[in-house]
Structure formats: C-alpha cells, structure tokens
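# Commentary on secondary and tertiary structure
Spelled out from the first residue to the last, the chains are:
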Amino acid sequence: TRQQLTDFVDQQSGFVYRLQLDKNGRWQFRYISPAVQLLLGIPAETIEEDANRLFQAILPDDATLVQAAILASQQNLSPFKAELRLVDAAGQVHTVLAHAIPLRQADDSTLWLGTARKLTEENLHQSEHRFRKLFHALPLPIYAWQRVENDFILLDYNETADRYTDQAIRDVVGQKAKEFHQNQPLILADLERCYQEKRTVERKMAYEFRSGRVQLLNIKYSYVSDDLVIVMTEDLTEREQAMEQYR
C-alpha cells in the first residue's frame, strides 16, 4: 500500500511523492510524504501548494541535469532517475537519489510516482559521476541558459548538443542570448516568457543554423530556478518530410 511504501522510505531518510506536469507546463506535487519536512525543514503542505518551494531547494549546478532528466522521462515515458543535492532551511546540503515512473493521464498531463532517498557520504563521489554521465547521455540536445540582468548567457550544454551543432556550440558558451539569437525574436520571446511565467513553453519552428542549414525543431523551454532556464530541442525535419510524402 502507499502507506507501507511511505513508512519504508521515511525510515530510509527520504520521502514519497506524486509530481504532475499539466499540458500548460505547470508543476504540482499531488502528494509528498510528511518526512520531507525532516529532511528539508519545509512542511509537505507547503510544497503541495507550491512546487517551486522544493525545486528552489535544488542546487543550481544540479537543477539543469534534473530538469533535463525529467523532460526526457516525460517525452519518452521512461523511468526518471537522478542524484541531486538539496539545501534545507538551515542551509545544510543533502544528496538524494530520486526515482519515479511516469504515467500519461487522460488530460495529457504527466504524473510521476516516485521516491527520494538520502545518500550516505560514501555514495557521493559515485553519485556525481553518474549524474553528469546521465546528462551527457540524454539523446536530445540540451542547453542551459542563465539569467544575467535582462539577458541570458549560455551556461552549459550536453554532448548531444555538441554533436548536433558540429561542435559550433562550444564557441557560444558565455555569449548573450540577445546577441546569438538576434535574428530569432521568437526564441528570445519564449526564453523571456518561460522565465517570467515560471513555466514550460513549447514551440515548433524552422531554425536556420549559422552554417545555413534549416531544420524544423520542436523547442521546449523549462524554468528551473530564479536564474536558470534549460532548452531542449527535437529535430522534426525527417519526420515531417516522411509525413509529407504520404499526403
């Protein structure tokens, strides 16, 4: 039963949760066990009312990887697994291992049924290595944009993005979005909208690379924290061309 699972995870210095992402990109913890307060000092009811209270407890260096793993899980309906660091109300850092199974709901929302368990000190070195490996192994290009004043700068990217851009992305790290995307006002507008509304924004559009190559992309912007937005892209070009042949 859910209560038995909750009791077991609580004994392991962790908590049980049900996290929902609706079709409008809004997050909500439908349930989180009371033991989360023992770990983070935040009442479960507070997190259920505002999912950002827990998301904001994730260290920024880990938030990019967590969000990327969640979005990959949502897109592929594959199990979510991540090792991340959470900062409690007193400023102490805890490393936890989170697992969840995604379920697509009738209203097109996604519901994750999961657990989070605190790791021991001897696990931490291995955890960091596996977490970084997961980020770079994700099959879609992922870019992390950090909010700086009234703009964003490219903070990080994964290995798939490096291959997809033929390594051109390496020269963009540290560059401002308003400079790099000066000819793509929709991208700038979606980045800003995602940041201001603190929710996921998605758009299908033709994108012209600096090499002149034009691809049809589905671009998903996800708010992670007060200074971080991650962008995941899916190339739809071949799929659309195949569908066009059958029309």
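Residues numbered from 1 in each chain as written. Predicted model: local features only at pLDDT ≥ 70, side-chain atom pairs only at ≥ 80, totals over all residues. Heavy atoms only, no water.

This part is about the sheet that holds strand S5 (residues 110-118). Pairing is antiparallel in the open sheet, where five strands are placed in the order S2-S1-S5-S4-S3. For this open sheet the edge positions go to strand S2 (27-32) and strand S3 (80-87), each flanked by a neighbour on one side alone. Sheet twist, expressed as the mean angle between neighbouring strand axes with direction ignored, is 30°. Alignment of strand S1 (residues 14-21) against S5, held across eight bridges, turns out to be antiparallel. Within S5, the residue paired with phenylalanine 15 across the bridge is alanine 116. Packing of helix H5 (residues 60-76) onto the sheet brings it into contact with S1, S2, S3, strand S4 (93-104) and S5, and relative to S3 it is tilted by some 155°. (Pairing = 2+ DSSP bridges. Helix = DSSP H or I, 4+ residues; strand = E, 2+ residues; numbered from the N terminus. Axes fitted to C-alpha atoms, helices over the stretch in contact; angles between N-to-C directions. Contact = heavy atoms within 4.5 Å.)

Residues Tyr17, Phe29, Ile32, Leu54 and Phe80 are the most contacted members of the largest nonpolar core, which totals 42 residues. For tyrosine 17, the contacting residues outside a window of four places in its chain are Phe29, Tyr31, Ile32, Phe80, Ala98, His99, Ala100, Trp112, Leu113, Gly114, Thr115 and Ala116. One finds Ile169, Leu191, Ile219 and Val231 within the second-largest nonpolar core, a separate group that totals 25 residues. (Core = buried A, V, L, I, M, F, W, Y, C linked by side-chain atoms within 4.5 Å. Buried < 20%, exposed > 50% of the residue type's maximum accessible area, 1.4 Å probe, protein only.)

Moving on, we come to the side chain of threonine 200. Topologically, threonine 200 is positioned in the loop between helix H9 (185-197) and strand S8 (201-208). On the basis of relative accessible area, threonine 200 is assigned to the buried category, the value being 10%. Setting aside chain neighbours within four positions, we find threonine 200 in contact with Leu21, Asn24, Gly25, Trp27, Lys220, Tyr221 and Ser222.

A few words now on the packing of aromatic side chains. Overall, the coordinates contain nine aromatic pairs when judged by the stated rule. Each ring, one from tryptophan 27 and one from phenylalanine 55, has its centre 5.7 Å from the other, and the planes form 85°; the classification is edge-to-face. Remark: phenylalanine 55 occurs in helix H4 (residues 52-55) and tryptophan 27 occurs in strand S2; sequence separation between them is 28 residues. Measuring from ring centre to ring centre gives 5.6 Å for tyrosine 164 and phenylalanine 209, while their planes differ by 70°; the resulting arrangement is edge-to-face. In this pair, tyrosine 164 sits in helix H7 (residues 159-164) while phenylalanine 209 sits in the loop between S8 and strand S9 (214-225), placing the two residues 45 residues apart along the sequence. (Phe/Tyr/Trp six-rings, centres within 6.5 Å; stacked < 30°, edge-to-face > 60°.)

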